[in-house]
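Structural characterization, general
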Amino acid sequence: MKPGDNGRELILFDKVSKIYPMGELEVKALEDVDLTIREGEFIVILGPSGSGKTTLLNLIGGMDTVSHGRLIVNEQDISGLGTRDLTDYRRTQIGFIFQFFNLIPTLTALENVEFALELVMSDTREKSLEALEAVGLSDRADHFPSQLSGGEQQRVAIARAICKDPPILLCDEPTGELDFETGKNILKVMQDINRSNNQTIILVTHNSAIAELSDRTVRLHSGKVAEILSVDNPKDAESLIW
């Protein structure tokens, strides 16, 4: 049975719109989006540039706020939260993984993970080492980003995202800067995290092949949900071809 079949409702978009003012014009990045995501699902968001993928991710992540509608995350309506409450929400509920690794070059892999963890706890060393172990990088803990390959740097970024045990991981083109084999390895790490920790993963990509990993694929077009497809038998990352 897939997570979406029995997991509790974790994220609810209820007629959500996001409008950006552009001078005298208004640009609708998202319009009347209805979407439910359940705990433990692996969701892939597909769509062309300008379809609203990153806006949707930013709303879930509390990096932007809705213009209309309600957005419920983990039984909390985040639609009207102020700046301080949104900061607390991001710290406790969300892990971010981006296309660019955004590591601090003067810190080691371990220190990069610890730096993120210091925002929520004081004793960071053990949890940071556990996170690096989870992504297969415990033997590179003392290396600086310049001493790591692109794939290893992205693994550090994943460790930094999961070290707080957030219920939701938001991934914006996480393989965009990686070659095919390295990208598959990163996707395998994420798939393993999803399956072993029951963390909900929402991954934005232009690469339709990655949708074969998902429990469901959400296609966006012009700010609207055009299609939601269930994947009966998600592939393992090692078998992907693109």
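Residues numbered from 1 in each chain as written. Predicted model: local features only at pLDDT ≥ 70, side-chain atom pairs only at ≥ 80, totals over all residues. Heavy atoms only, no water.

Next up on the list: the overall build of the chain. Counting secondary structure elements, the chain contains seven helices and ten strands. In terms of C-alpha radius of gyration, the chain reaches 18 Å, essentially the compact-globule figure of 18 Å for 242 residues. Taken along its principal axes, the extent of the C-alpha atoms in the chain is 50 × 40 × 40 Å. Evaluated residue by residue, the chain yields a buried proportion of 49% over its 242 residues. Here the analysis covers contacts within the chain between residues at least 6 apart in sequence; of these, 71% occur between residues at least 24 apart. When the accessible surface of the chain is summed, it comes to about 11,500 Å², and 47% of that surface belongs to carbon and sulfur atoms. A distance of 3 Å separates the average location of the 24 positive side-chain charges in the chain from that of its 38 negative side-chain charges. (Helix = DSSP H or I, 4+ residues; strand = E, 2+ residues; numbered from the N terminus. Rg over C-alpha atoms; globule rule 2.2 N^0.38 Å. Buried < 20%, exposed > 50% of the residue type's maximum accessible area, 1.4 Å probe, protein only. Contact = heavy atoms within 4.5 Å. Areas by Shrake-Rupley, 256 points an atom, 1.4 Å probe, with all protein chains shown as cover. Lys, Arg positive; Asp, Glu negative; His and termini not counted. Charge placed at Lys NZ, Arg CZ, Asp CG, Glu CD.)

A few words on the sheet that holds strand β5 (residues 76–77). Within the open sheet, the four strands sit side by side as β2-β1-β4-β5. Their pairing is antiparallel. Since the sheet does not close on itself, it has two edges, and those belong to β2 (25–38) and β5, each with one partner. Two elements, strand β1 (residues 9–22) and β2, share ten bridges in a ladder whose sense is antiparallel. Following the sheet pairing, Y20 is matched in β2 by V27. Packed onto the sheet, helix α2 (residues 53–60) meets β1, β2 and β4 (68–73) and runs at close to 120° relative to β1. (Pairing = 2+ DSSP bridges. Axes fitted to C-alpha atoms, helices over the stretch in contact; angles between N-to-C directions.)

Attention now goes to the sheet that holds strand β6 (residues 94–97). Pairing is mixed across the open sheet formed by six strands, whose spatial order is β6-β7-β8-β3-β9-β10. Two strands lie at the open edges of the sheet, namely β6 and β10 (224–230), each paired on one side alone. Direction aside, neighbouring strands of the sheet carry axes that sit 20° apart on average. Here strand β3 (residues 42–46) pairs with strand β8 (residues 200–204) via four bridges, running parallel. Looking across to β8, one finds that I45 is bridged to V204.

Before going further, it helps to examine the packing of helix α4 (residues 109–117) against helix α5 (residues 125–134). Between α4 and α5, the shortest axis-to-axis distance is 9 Å and the interhelical angle comes to 120°. Between α4 and α5, the angle falls in the class oblique. α5 is crossed by α4, and the crossing has right-handed handedness. From α4, A109, L110, V113, E114 and L117 reach across to α5, where they touch R125, K127, S128, L129, A131 and L132. Here the contact of α4 with α5 is built from residues that sort into seven nonpolar, one polar and three charged. (Parallel < 35°, antiparallel > 145°, perpendicular 65-115°, else oblique. Left-handed = near helix turned anticlockwise from the far one by under 90°. Nonpolar A, V, L, I, M, F, W, Y, C, P; charged D, E, K, R; others polar.)

With that out of the way, let us pick up the packing of aromatic side chains. What the rule picks out here adds up to two aromatic pairs. With 5.8 Å between their ring centres and 5° between their planes, F96 and F98 make a pair best called stacked. Assessed through its relative accessible area of 28%, F98 is described here as partly exposed. When the ring of F180 is compared with that of W242, the centres are 4.9 Å apart and the planes differ by 90°; the resulting orientation is edge-to-face. Taken together, the residues span a long stretch of sequence, with F180 in helix α7 (residues 180–197) and W242 in the segment after β10 at a distance of 62 residues. Residue F180 is classed as partly exposed on the basis of its relative accessible area of 28%. (Phe/Tyr/Trp six-rings, centres within 6.5 Å; stacked < 30°, edge-to-face > 60°.)

Everything listed here is a matter of coordinates, which is why it stays silent on function.
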